[in-house]
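# Coordinates in review
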Amino acid sequence: MRKYEAVFIFLPNEEEKRVQVLERFKGIIEADGAITNIDEWGTRKLAYLIDDIAEGYYVLINFEGTPEVIKELDRVARISDSIMRHMITREDE
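Cut-off values and rules
Residues numbered from 1 in each chain as written. Predicted model: local features only at pLDDT ≥ 70, side-chain atom pairs only at ≥ 80, totals over all residues. Heavy atoms only, no water. Helix = DSSP H or I, 4+ residues; strand = E, 2+ residues; numbered from the N terminus. Expected span 1.5 Å × (residues − 1). Buried < 20%, exposed > 50% of the residue type's maximum accessible area, 1.4 Å probe, protein only. Arc of directions from axis to C-beta. Polar contact = N/O pair within 3.5 Å; in protein donor to acceptor, adjacent residues only side chain to side chain.

The next point concerns helix H2 (residues 67-79). Its 13 residues give H2 an end-to-end C-alpha distance of 19 Å, which sits within 8% of 18 Å, the value for a rise of 1.5 Å per residue. Turning to H2, its buried residues number three or more, namely Val-69, Ile-70, Leu-73, Val-76 and Ala-77. Projection of H2 onto a plane perpendicular to its axis shows the buried side chains occupying an angular sector of 135°, all on one side. Across H2 from its buried face, at more than 90 degrees, point the exposed residues Glu-68, Lys-71, Arg-78 and Ile-79.

Written out as C-alpha cells, the structure is:
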C-alpha cells in the first residue's frame, strides 16, 4: 500500500454534514487501508472566493491505501455538497 495525503475544504457552517462525510471517508479508507493521522485545521480564510464564500473548514487526512480507495474517495468528494474543494496526493517514500 502507498501513503497518501488528502485535504478537504468543507462549507464552514455545516458541522453535521461534515461529520457524516468524514465518517464515510474513514469507512472507505479503513475498508482497504489504514488512517495514520487526521488533522482538523478548522475554519480558515480562503485565498479567493468560491461560490461567494470567503471561508472554509479544512481537514487533512494522512493514510495508506490502494488506488481503488483513491478513486472512491474522489468520487464521494465530488458528489458531496458540503465539500467545496479537495485534493489527494501521494506522499514520497
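A few words on the environment of Arg-78. Tracing the backbone shows Arg-78 in helix H2. Among the residues examined, Arg-78 registers a relative accessible area of 63% and is labelled exposed. Within the local environment of Arg-78, its side chain forms a polar contact with the side chain of Asp-74, the two groups lying 3.0 Å apart.

Purely geometric stuff here, so don't read any function into it on its own.
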